[in-house]
Structures are given as structure tokens and as C-alpha cells.
Number of protein chains: 2
Amino acid sequence: MAAEAVSSSLPLRTAKQDEFHPLAPLSAAEIGDAVSLIKSQWPAKTDIHFKLVTLEEPAKAQTVPYLEAEFHGYNLPKIDRRAMVNYYLRKTSKFHEAVVNLTQQSIQYNVRLGPSVHAPADGEEIIAVEHIALADEGVKAEIAKLQLPEGTKIVVDPWIYGSDGVDDDARMFQTFLYIQDPENQGEADSNHYALPLAISPVVSSETMKVIRIDHLPTGKDNTIKEPQPWKSRPGNEYIPEAHKLRTDLKPLNVVQPEGASFAVTQQGTSNVVEWQKWSFRVGFNQREGMVLYDVRYDGRNLFYRLSLSDMNIPYADPRHPFHKKAAFDLGDVGAGVMANDLKLGCDCLGTIHYLSGTLADEKGDPMEMPNVVCVHEQDAGIGWKHTNYRTGRAALVRNRELVLQSIITVANYEYILAFMFNQAGEVIYEVRATGILSTQPIDDGVEVPWGTVVHPGVLATHHQHIFSLRVDPMIDGYHNRLVYDEALPMPRSDFNPHGVGYYTEETVVETSGGYDVDFSKNRTFKIQNADVRNPVNGKPVAYKIHAPAFQMMLADPESFHHKRAEFADHNIYAVKHRDGELYAGGRYTNQSRGGTGVRSWADRKENIVDEDLVVFVQFGINHIPRIEDFPVMPCEIIKVSMKPVNFFDKNPAIDVPPSTQEFNRSTLHTEAHNQGSTVGEVKAGGEVCCPAPNSKL
Amino acid sequence: MAAEAVSSSLPLRTAKQDEFHPLAPLSAAEIGDAVSLIKSQWPAKTDIHFKLVTLEEPAKAQTVPYLEAEFHGYNLPKIDRRAMVNYYLRKTSKFHEAVVNLTQQSIQYNVRLGPSVHAPADGEEIIAVEHIALADEGVKAEIAKLQLPEGTKIVVDPWIYGSDGVDDDARMFQTFLYIQDPENQGEADSNHYALPLAISPVVSSETMKVIRIDHLPTGKDNTIKEPQPWKSRPGNEYIPEAHKLRTDLKPLNVVQPEGASFAVTQQGTSNVVEWQKWSFRVGFNQREGMVLYDVRYDGRNLFYRLSLSDMNIPYADPRHPFHKKAAFDLGDVGAGVMANDLKLGCDCLGTIHYLSGTLADEKGDPMEMPNVVCVHEQDAGIGWKHTNYRTGRAALVRNRELVLQSIITVANYEYILAFMFNQAGEVIYEVRATGILSTQPIDDGVEVPWGTVVHPGVLATHHQHIFSLRVDPMIDGYHNRLVYDEALPMPRSDFNPHGVGYYTEETVVETSGGYDVDFSKNRTFKIQNADVRNPVNGKPVAYKIHAPAFQMMLADPESFHHKRAEFADHNIYAVKHRDGELYAGGRYTNQSRGGTGVRSWADRKENIVDEDLVVFVQFGINHIPRIEDFPVMPCEIIKVSMKPVNFFDKNPAIDVPPSTQEFNRSTLHTEAHNQGSTVGEVKAGGEVCCPAPNSKL
């Protein structure tokens, strides 16, 4: 087969402009096309409520040859473009899943899903539910009992209903009510989470009516009280106008006088990023937000696909209706659709490149999502250093990172999600939790062991944040294995007479399943390619996973929380790859029952040695609220990193140019510390920092 | 008592210029004074080898009233200045400890220490030992057997001998030999760690002569071989000239156009730092390097003293002489004396303020240590964010950090040590390990389970890095307690019918001892002041400790490693404060036996509830070397953080001014992404980011 020369300014990566890359998100035109195809399946005036119109990724067996051909500059195989569509017949519970083949203009399948399979919420729906709750006569009557001051604004936060097995087959919303501070009327951004009410209407998704009004317990037990006349209490605003701001913070700018070191090439609806030997493709979709594909370093295969698979936030209050609170912020809503528009200079610092996305709204019309991912570099301190004490010469490089960041707002909470890369071949996934605690009312003077009073009358219940990062590896090839190393003490013996020896032992993970770290043994998981050996020491090339220790889901194994968040009980899940198995909590998480997520896939007990395997890495925190988390919480930062182990033949950052004053242009704080002639001396070329003094061996 | 008005540009913090602050390091004059006083105790021509001339901190019972008077602007009590001096009568093993009262010009005590108490190494001594080993006829004869190419440079790395109970009472050095690449002669910074030799002379400290020549085992067992003729093997250089450097990294500058936001006020030999409501005093001494005193936020007491207490690096090879390798880099050498001179623009980025120190050399002369600490700010991403989805308005602040950084070189290794502070009242201590692995020779084709071959013929043995941070708290006052919270599942019951409830339970640590984290229970340690209650929720004010999980010392409890590194077996040690108990591994670690460190203090089993307690926080990594760690390792980063819990009445960073483009001055990567009128629009005053769109409730 003659290789077709593919020429471009990017020697290795091209896709013809009139063809879509198989992993590129759907274009606006394709969305329209998919929607038309679906509509054509129904009578002309059928009102269809679209929940999802997204790329159906091709089978990996097709995509891998495409990526390899693309990398090597060969002819590109043709792969049909397909869309996954979820929709309701509006105002019914008839929920459908369809896959349409856009290339063939045909319906691959179009099925109605079972009675207790429900769609995620969408933005229009949320707003409609808010209005329905506020307009309901029964709700109004309850609110009237509060005798609120005139003009008080009531705010409705609709929540995914959750699951408890008690009359919960139908799709519903549990709404939580708040007021905005009556003393601060006119402030549209007044923080309603400071003033929660105990009235909680339940809205049926099918009828779009209030079907029940729950009342929240506000004491130490399940006692419900009639709504009482409102007693004035203070607000707690987060907006800057409400505070006497600090005046002594001076600007800090990140300036890149020659521009950024990365190159972003837009190819239709996806983007190729190249930076410091890294290259990868970025996609964006409704559920996962940003997804990275075909991640390589110096042309070597590393990761086929990287994405946040889901997160689960179970709450600790056992009482109705709080016992149902366990949000899947991706499956129940979507990290793509909830992504913030990152305005220049506010969310990201330095020389920024924005990526935008196109999703579909509930009518099936394309919906532009501008600036949902920002791409920029940051300096992360020293990368490596050594000073030869005999000569005084220091060799030093700085650690430059590439950041792809997206921020999602899920009602009260924010999550800042970032993929980061550095010059030492390391990949970091970082989550920052911020935004506002979910609050509920509590009687004055009451304390409970499942939450913290963060404001008079306001309880923030304990909750866990458990994230699942989906890692589909291709470490130097497509057959990998998962192993773990442990460091174990040697027993005392003639060989170890002083009791100090220790050794490492590697165990191969043979079967799909859930596995845990164990810091007492330094148990470290690595994804290896047993067929590719390090040229220096003969060890199999690998990437190790650094995941922080965390307390896994506390809800017991019989609970719905546990059954549904299938990833939340182990640090690592490893499974054999199957197309479509992307979401660790299952495809449809809203009011789910479990059984369709990673634990279930792992239970197939398949061989995963030297296979196409996928690893899910769990990480998280148990959030025990404190006063300092209110009215808005300082970021809590959690990271997972993946680092090369015997993959390279030396430190991959050894060829980073040395850190010099000419390059970095730092300044002295005061003239009194002027170091003489080395300050401000700009020399052409790469003058090495800290020239050696004359003393030499 | 009339308060004496103390006026200054710093309203709260002054010390008269002609008096030393009681916690300020010794000045050059004071060093000279202490040395004279000691010399006067001996016959005039006695050659004294000084090992330490440092501040002897006053009793805390004296210093606390001083600090409180200083803070409130009252009369300052007078406190005598004292120096701790360690010295040998040169070329003997007569090691002394003395405390001299500089104010009274008297000797408080001057004692000879026991026969197996030894001083740390010093720079002159290290160089002398190198020369002695190279000049020894026996060593030369062994080297001759290698038949090295003419002009080959031999390098001697002297190591602290270590302890094993085998004829190890006398002070000795174990030296490890290397050569520099014969193919790269003339390069003074050629990396000798790539070419280790199996000849290991032992030098007596007292006679300064080689007393024994060990040979290193180079196979899988204890077999020692005669030195064989050298077979040529490749080098492995880290200096930039040896590499084809990347050419595509563009500069990234941190520019602070209005200067830095911190103020550093030098007062004699110490410095007061003020930044974003933080204030503290910085000292610097031979052993600990930088020490922070009197750390306050918004005037409230937080930490009396913060310092790195010691670190221990035990190695995994059980064979002689490696079984003795367990370095205490502070106690055996000193983080102050090993501190790098941080050249402008290389080690630290932005607007930098340098702090310098004065130590004493082995003659007792003052030794200036310029630029050993750099002070600067850094942007650490978003501090907090919330977007009100109903209005679209985002409130957002960035996370600015203050960094005090010092870098120490301990022969092959570097440690980058930093205290960091942020605007949310958090303190972070960060260690980055970098530099060069300690290497030993290994025969070709051999693998061992206690190390990794990182270069042909070069083994890097596994080793642990265990650090101990000494935290002397004064959370809102001087009587604190240590507690821990655990998050526990509620059993199923009528109250918890769905099995989802969980609660937190607090346990008071009553007695001094060693304690551990337990992530399965989310066990979190907090330092509390039970007498000061949060005004919102009545909880005691506290700071919690976030220490990462790590594998504690693997050497068994009967080993010298375990006995000596008294901190290395628990995540937390808590003890009642006693003056002078600063070093968790004991005061004299060189060839120590144990029994004088934190485990021993804790064994006093004292009450530490509502007491003056001190907490030692351990953290670390088990370093299993990989190819990527050679010839110099990318930084491995470990952090401990301390965060307020119910200490404030809301998020302490709520009053940070909002992040705006005017302030941050980010730039767009390409013109194609111009966002229209919001780009480049500079408005006077604090225009809030992302002005709300018109849609409001």
C-alpha cells in the first residue's frame, strides 16, 4: 500500500479539512442532522424533548488504526460518523436512546428505555421546575405561614430526586427552598444559601406539577414542625460589594513576551495541542466536558483516552429527604453543559488560548459554549536542581506546566477541573472544589454530629466528594497490564543481620476488579507494557499512578448510594475495554439502581493481563464543613498524577534549558539587596546560571 | 505600669535597634564574643575545632511575655542573650557542649560529652577527609588495581559513618569513591555518580587517617571481589552542555508592576515579614536553616515556632557497609550550613527579597551566608469562585501565596524547603526532593530487589525520606490540646433506615505519644484551643493538619535505624513543651544510639490537654528509584498543610479583591479568539469581573 503523503505545517498530525476526525465532537450541522433523523422517526408535530445529542465514538478497533495511520502519515481509513441521542416525548416518561449513522443517514437503533431509566436534568427543565414550585398553590400556602417581609425573594434549587426504593420509580425533582436576605432586596446575587427554608416541594417530571410537599427536620431527630413565622436573621453575602476589601494586594502578572510555548491547531470541532514533546487531541461533550485523546510524548503512545468519568457526592444526614442526596454531577447533569465561560484574565492567568464547544439544547438546536476550556502555561517552581559542592556550580531548570482547565457550576458547588502536563513526562489531573456548601435549616442552639452549623440557623451536612478518572492507556502500545509494587521489610537473617533491609515485590493484577492502595506497604499501581523493555535496566516500560489516600464511601453496601456509585468503594477499578463503557456510575445515573457501572463490568472477571484494559482511578475527600467554608469555600485541592517508570532512558526533563535571569527576568524587592554585576546583565545566548567560581578540583 | 509608646512605621512590631530580639540569631559580634569566652576557658594556644556557635533560645517562659509585650506595644522585658557552642579540642575525640551568657559574659556550663556522642560533619572536615582518603597509600594501591586511564579524576564522597553497634564508638567517616568520566576529562562538573567504584575507605575522625578499606559487594549477595581492571563504560552527565537542549520553550516572567505585596523589615539579625494579614519573624541557624517565630494572622496567635526538625533517609541494602546508611541531614550536617546561595532569577521567580544569615565556621569565625532564603509571592490558581447560574454573575478571587524558600545541598541530594502562606489562613510546608541519587556499583546483568539499575553498572538502592516538621502552636493562646476527628458510618436503625448516615466523633489526645492517621476513618488531627469558641457555632477554634499518608520506617524496631530516627514510626508525635527539645531525632545524631529524641520525650507520658504542647508532623516518601531519576531527579513534591477550622467567622479570603482582567493583564494566544469589547478594556477602580448580564430574577 503506497503511503499517501500528508503534508501540513504539523508533520505528524493531520486530518483532511473536509472530513471529520473520528473522535471530533459533532458539529452544529451534524447535530441538526441527527435531530432531523430522529424527528423523521415520529409524526410531524411530535414535540421531542432532547436530552443528549453527542458523538457516538467509533469502536476502538476502528479508531486505533486510524490514529496510527494519522500519526505515521498513511492513508486514513474511512469511519462512519455516528451520534448518540437521548430524548423524551415531551411531558411523558417515554425516554429513548438512539444511535444514528450520519454517514449512512440511517438509524442504527432507536429504543425506548425501561420505566425506571431516567434522563439527566437540563437547564430549561431546572428553570421550569423552579417556576412550577413557586407557582403551586400548596407551596404558596406553606410559604404564607412564614409571614415573610414584603418583597422577599424565594429561591428554588431543584435537586435530582435520588433513590431510596420508596415510590421512586417515576422521575421527580426534590426542590430545596431558600430566601434572599430581605434586608438586601434588589441584590440579585444575594446569597440564598444563608437563609434556607424547611419547605421542600417534590415536582413530578412527567406532569410538571408539585406532587408532594416535604418538610425538613430542623432539630436533632425526625421531628417536623409546621412552618413558623419568620424570625429575622442575618444574611451572609459572598459578593465583593458586601465586604471591606483588602487594599494591599498588588498585581501579579504572568507575562510571556514571546508568546506561549504551545501550539493549538483547530481541526473542525476538535483541537490538537502540542507542547514540549506532548501532543494530544482535545474534545468536548455534554457529559464529560473536556476529553483528551491520543496522548503521546515524543511520539510515543501513552494514553488513548483520558476523562473524568463521574463524581458522586453522598450526604451524611440519614433523615428524609436528605438520605437521598447523592449527586452524580456528570451523569445527572453534565460537566460539558455546566461548564463556565472563562472570561479573559479572570479564571486563567498568562497567555491564554480558549477552546469552545458545541452542544445541543433541549430543542435539539446547536448551543454554542464559548471559552469552556482555557489552555495556558504556568511556572510550577523548580523542576530539578543540583549543585556540585566542590565547584559551586548549580544546574537548574524550572518546572513549566501546560494546563487545560474547565470550571463547572452545579447549582451551589463549583469544580475546577484541570489536566496538567510537565516536561518530566508527568500527567496530573487536578480537581479544586469551591463554590457554596449545600445548606439546610437548623434550629438555634442545636448541634448534630452529621454536620456543622456554618451560620445562625444554617446547617451544612458532612458529605463525601468521590471522583473517578477514566484512564484508557496505550503505554508504548495497546496491550498493557496493571501491576502493583509493594515495599516489604526483609526478615532478620544472616543476610539481613541489622534488620534494615527491604525490597520491592511486584504483583500482576490478573483479573478485572476493584483494588486498593495500601500505604503501609507503599502499594503503588503501575500500568506496564510487558513487551517493551527499558534499554538500560530491562524493566518493562510503565507509568505509575499516584492517587492520594481517601475515605471511601461510608454508606453501607446495601444502600442505594453504594449500589449506584459503583466506583466509590475502591481506589482502582481495572476492567477490560469494551466500547461504550465510559461512565463508572453507569450511563443513566438519575434515580438509578446500580448494576450498570464499573463494579458490574469488573464482576465479569475477565483477564486483563497484556490486554486492552481501562483503569478507573478514584480520589476524593470527606468534606466535614467548617465555618471557613461559608459563604463560599476556599478551594480544596486534590490531585492524581501519573509518572513514567523506566519508560525513558534518563530524566526526560534533562534537556530543558537552564533557568537564567536573562530568561526569567526576576526583580529585586529592594535596592539594598543589589548583588552587584550579576544583576541585570543580559547576555546573548544561553548563558548558564550561576557561573562556576574558580575553585575546581 | 505605663505602657511605653513604641512608635515605628510598623505599629505593632518593634525592637529597639540597640537590643537584640530574644529570638534573633547571633550576630557576627556575638559569635566572636561567644568564641572568645570559650577560648578563655582553655590554655592560650589550644586549637579548638568549633562545630556550632548558635543562639541558645531563651526559656519559653521568658520569651512568651516578651512577644506579647512586643505585640501590644508594652515595655519589653530584658532577656539575656546566650549562645550554644559545640567544639572539639582539635584532633581529639573530646567533644564539648557549652552555653555562654553573652549578656552576663559568663559560662553557664561547659561540659565534655560522653565518648559516643559525636558532632555533625562540617565542610572543612569533609574536604579534609576527601584528601586523606585520596592520599592514603593503601587506597592508592587498591585504585591502582583498577588500571584507570591516565588523568582520571577520583572523587571521594565522605558519608557519616552510621551506627550498627559493631566497633562503632569512635567517630569515623565511610567514604564512597567514584570516578569522573575519563572520556570527559577537564569537565569539573562531570557526574561522578554514574561511575561508582567498589572501594570504600573508612577514615577515623580523631586521627584523620584511613583505618580500614571496605570493599562493596557488587552482586546479589555479600561476595566481595578484588578490584578488577576498569572496563570502559559510558558516563551520564546532567550539565546542559552535554545535551541537545529544547529550543521551543519561551520565556514566562512573573511581573509585579507595583512591586510585591509583602513587607520585610530587617531588625538586626532577624526579619519580620508582613503580608495579607500574616506576620511572623524569620530566623536562620546552622542546623534548622530557616525558622519562623510568632506567626500570627490578623494579630491572632497561631504558631509560636515552626521549623523542620530533622529528616532521616534510611537505605534498603542490608549488606555491609550499606546497612549503616541512614542520614539525618539536619542533625548530621545542618540545613543552615548546607543552604544554597539563591541567585537572582534562577531559583525563585518574580519580585524577590533575599534573606541572609550569619553562621560560624570551624575556626569560630563568622561566616556570611548570603541569599539563603528567598521571599516572594506566587499565583496559585483560583482561590474561590461561585457563579450564580440565575444571573450569570461570577465572583472569583485568585489564590496568592507567600513563599519563603531555602534549598539545601547534601552531597548528592537537594531538598527545596518552603513555607507557604495563603489568604485563607492556611500554612503549607513543602519539600521537593531533587539532585542526584546515591549510587553504588553493580555487576552487569545483575538485578536486586532492593534497588534499581539506573545506568550500566550503577545501582540506586531504595530508600525512604522521612521528614519531621516541628509545630509549636499557640492557637489563640498558649494552652492548646490535640484532638482527632473520625468520620464513622451510622449503623442501620430506625433513624438510619437507608444505611447512608455518618457522623464525626472527636477524641482528645490526653497523653504525650505517637499517633497515626487512618484514612479509612478520615482521622484528622486538629490543634484546638478549648477556651476560645467560635462565635457562630460555639466550636473550639482550631487548626487541622493535612499530612499525606506514607509508609513509615521499614527497618525493624530492634534496628539502630529505628532506635535513632525516633520520629519515623508515627505520623504525629505530641509532647509537652520543654525548652531545648527541638530536634526529633535527638540533639546529636551522628552515630547516635537513640534515646534522646521525640519518642523518648513522648514516653514520659505527660498530660498534654490544655497545655503548652508541641506537635511533630511526619511525612515522606519511599523512594523506589526509576531510570527517570537519573542523572538528576525531577522534583518529587510533598506537602503538609495546616488549615483553620472554626477559627474564623467566615471564609478568611472573602475580602480578597475580585480577579479582574485589569489586575491580571492576561493576553490572548491568538487574535482569532478576540472576545470583542471586553478584551483590553481598562477601567479605573475595581471593576468586578464578568459583569452580570441583564437577566435577573
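Residues numbered from 1 in each chain as written. Chains lettered and ligands numbered in written order. Predicted model: local features only at pLDDT ≥ 70, side-chain atom pairs only at ≥ 80, totals over all residues. Heavy atoms only, no water.

A. Representation of the overall build of chain A in the model. Across its full length, chain A holds eight helices and 33 strands. Taken over the C-alpha trace, chain A has a radius of gyration of 28 Å; the compact-globule value for 697 residues is 26 Å, and the two agree within 12%. Dimensions along the principal axes, computed over C-alpha positions, put chain A at roughly 90 × 70 × 60 Å. In chain A, buried positions account for 65% of the 697 residues. Within chain A, counting contacts between residues at least 6 apart in sequence, those at least 24 apart form 67% of the total. (Helix = DSSP H or I, 4+ residues; strand = E, 2+ residues; numbered from the N terminus. Rg over C-alpha atoms; globule rule 2.2 N^0.38 Å. Buried < 20%, exposed > 50% of the residue type's maximum accessible area, 1.4 Å probe, protein only. Contact = heavy atoms within 4.5 Å.)

B. Spatial organisation of the sheet that holds strand 23 (residues 458-461) of chain B. Residue and element names in this part refer to chain B. Spatially, three strands are ordered 21-23-22 in an open sheet, and the strand pairing comes out antiparallel. Lying at the two open borders of the sheet, with one neighbouring strand each, are strand 21 (439-441) and strand 22 (451-455). Put simply, the sheet's adjacent strands are angled 40° from each other on average, direction ignored. As paired elements, strand 21 and strand 23 share three bridges and run antiparallel to each other. (Pairing = 2+ DSSP bridges. Axes fitted to C-alpha atoms, helices over the stretch in contact; angles between N-to-C directions.)

C. Just the interface of chain A and chain B, in detail. At the interface, 191 residues of chain A touch 192 residues of chain B. Across the interface of chain A and chain B, roughly 16200 Å² is buried in total on both sides, 55% from carbon and sulfur atoms. Between the two partners, chain A and chain B, sit 18 salt bridges. Arg390(B) serves as the salt-bridge partner of Asp157(A), at 2.8 Å between the closest nitrogen and oxygen. In this assembly, chain A and chain B are joined by 112 residue pairs in polar contact (both at pLDDT 80 or more). The residue inventory of the side of chain A that touches chain B, partitioned by class, reads 85 nonpolar, 60 polar and 46 charged. (Buried area = accessible area lost by both parts, 1.4 Å probe. Salt bridge = Lys/Arg side-chain N within 4 Å of Asp/Glu carboxyl O. Polar contact = N/O pair within 3.5 Å; in protein donor to acceptor, adjacent residues only side chain to side chain. Nonpolar A, V, L, I, M, F, W, Y, C, P; charged D, E, K, R; others polar.)

D. Expanded view of the state of the cysteines. Residues and elements named next belong to chain A. Counted according to the given criterion, the structure contains two disulfides over all chains. At a sulfur-sulfur separation of 2.1 Å, the disulfide partner of Cys-348 is Cys-374. Judged by the sign of its S-S torsion, about -95°, the bond between Cys-348 and Cys-374 is left-handed. On the criterion of sequence distance, the pair formed by Cys-348 in the loop between helix 5 (329-333) and strand 16 (351-360) and Cys-374 in strand 17 (residues 366-388) is long-range, its members being 26 residues apart. On the accessibility criterion, Cys-348 (1% relative accessible area) is buried. Sulfur of Cys-635: no disulfide; nearest cysteine sulfur belongs to Cys-348 and is 13 Å away. (Disulfide = S-S within 2.5 Å.)

E. Molecular detail of the nonpolar core. Counting 118 residues, the largest nonpolar core has Phe303(B), Leu404(B), Tyr415(B), Phe421(B) and Ile545(B) as the members making the most contacts within it. A total of six residues in this core trace back to one element, the largest contributor, which is strand 14 (residues 300-314) of chain B. (Core = buried A, V, L, I, M, F, W, Y, C linked by side-chain atoms within 4.5 Å.)

F. The arrangement of the relation of the copies chain A and chain B in detail. Superposing chain A onto chain B requires a rotation of 180° together with a translation of 0.0 Å along the rotation axis, leaving an RMSD of 0.0 Å. The transformation just described matches what one would write down for a two-fold rotation axis. For chain A, the smallest separation between a C-alpha atom and the rotation axis is recorded for Val254(A), amounting to 2.4 Å. Counting the interface residues of chain A, we find that 100% of their copies in chain B are interface residues as well, pointing to one common contact surface. (Least-squares fit on C-alpha atoms with pLDDT ≥ 70 in both.)

G. Highlighting the packing of aromatic side chains. The full count for this structure, using the stated rule, is 48 aromatic pairs over all chains. Each ring, one from Phe50(B) and one from Tyr87(B), has its centre 6.1 Å from the other, and the planes form 45°; the classification is tilted. In this pair, Phe50(B) is assigned in strand 1 (residues 48-55) and Tyr87(B) in strand 2 (residues 82-89), connecting sequence segments 37 residues apart. A residue is classified by how much of its surface remains accessible, and Tyr87(B), at 0% relative accessible area, is buried. Taken together, a centroid distance of 5.9 Å and an interplanar angle of 80° make the contact between Trp159(B) and Tyr315(B) edge-to-face. On the criterion of sequence distance, the pair formed by Trp159(B) in strand 5 (residues 154-160) and Tyr315(B) in the loop between strand 14 and strand 15 (326-327) is long-range, its members being 156 residues apart. Residue class for Trp159(B) comes out buried when judged on its relative accessible area of 10%. Relative accessible area serves as the criterion here: at 3%, Tyr315(B) is assigned to the buried category. One aromatic cluster in this structure is built from Trp278(A), Phe280(A), Tyr297(A), Phe303(A), Phe421(A), Tyr543(A), Phe647(A) and Phe648(A). In this structure, Lys325(A) packs its charged tip against the face of Phe176(A), placed 5.4 Å from the ring centre. Here the guanidinium or amino end of Lys563(B) rests over the ring plane of Phe560(B), the centre of that ring lying 5.6 Å away. (Phe/Tyr/Trp six-rings, centres within 6.5 Å; stacked < 30°, edge-to-face > 60°. Lys NZ or Arg CZ within 6 Å of the ring centre and 35° of its normal.)

H. Quick peek at the sheet that holds strand 3 (residues 95-101) of chain A. All names here are of chain A. The strand order across the open sheet formed by four strands is 1-2-3-4, and the pairing between neighbours is antiparallel. Looking at which strands have only one partner, the edges of the open sheet turn out to be strand 1 (48-55) and strand 4 (106-112). Direction aside, neighbouring strands of the sheet carry axes that sit 20° apart on average. Pairing geometry for strand 1 and strand 2 (residues 82-89), over seven bridges, is antiparallel. Counted as the bridge partner of Leu-52 is Asn-86 from strand 2. Strand contacts of helix 1 (residues 28-39): strand 1, strand 2, strand 3 and strand 4, with the helix running at about 135° to strand 1, the strand carrying the most contacts.

I. Spotlight on the side chain of Asp310(A). Residues and elements named next belong to chain A. Within the fold, Asp-310 resides in strand 14 (residues 300-314). Judged by relative accessible area, Asp-310 falls into the buried class, the value being 0%. Within the structure, the side chain of Asp-310 is placed 3.1 Å from the backbone nitrogen of Leu-330, a separation counted as a polar contact. Among the polar contacts listed, one links the side chain of Asp-310 to the backbone nitrogen of Gly-331, at a separation of 3.2 Å. Setting aside residues up to four positions removed in sequence, Asp-310 forms contacts with Arg-287, Phe-328, Asp-329, Leu-330, Gly-331, Ile-466, Phe-467, Ser-468, Phe-567 and Thr-589.

J. Geometry of unusual backbone geometry. All names here are of chain A. The step from His-320 to Pro-321 runs through a cis peptide bond, and the omega angle for that step is -5°. With respect to the secondary-structure elements, Pro-321 resides in the loop between strand 14 and strand 15 (326-327). Here the bond from Phe-630 into Pro-631 is cis, since omega is 0°, no more than 30 degrees from zero. If you trace the backbone, Pro-631 turns up in the loop between strand 31 (613-623) and strand 32 (633-645). Here Met-208, not a glycine, exhibits a phi torsion of approximately 55°, which is positive. The residue Met-208 is located in the loop between strand 7 (199-204) and strand 8 (209-215) in this model. In this structure Met-208 comes out as buried when scored by relative accessible area, which is 17%.

K. Here's a closer look at helix 3 (residues 123-135) of chain B. All names here are of chain B. Between its first and last C-alpha, helix 3 extends 19 Å over 13 residues, near the 18 Å set by a 1.5 Å rise per residue. Among the residues of helix 3, those classed as buried are Glu-125, Ile-126, Val-129, Glu-130 and Ala-133. Down the axis of helix 3, the sector holding all buried residues measures 145°, keeping them to one side. Elements that come into contact with the buried residues of helix 3 comprise strand 1, helix 4 (137-144), strand 5, strand 6 (172-179), strand 7 (199-204) and strand 8 (209-215). Where helix 3 starts, the residue carrying a side-chain oxygen 3.1 Å from the main-chain nitrogen of Glu-124 turns out to be Asp-122. (Expected span 1.5 Å × (residues − 1). Arc of directions from axis to C-beta.)

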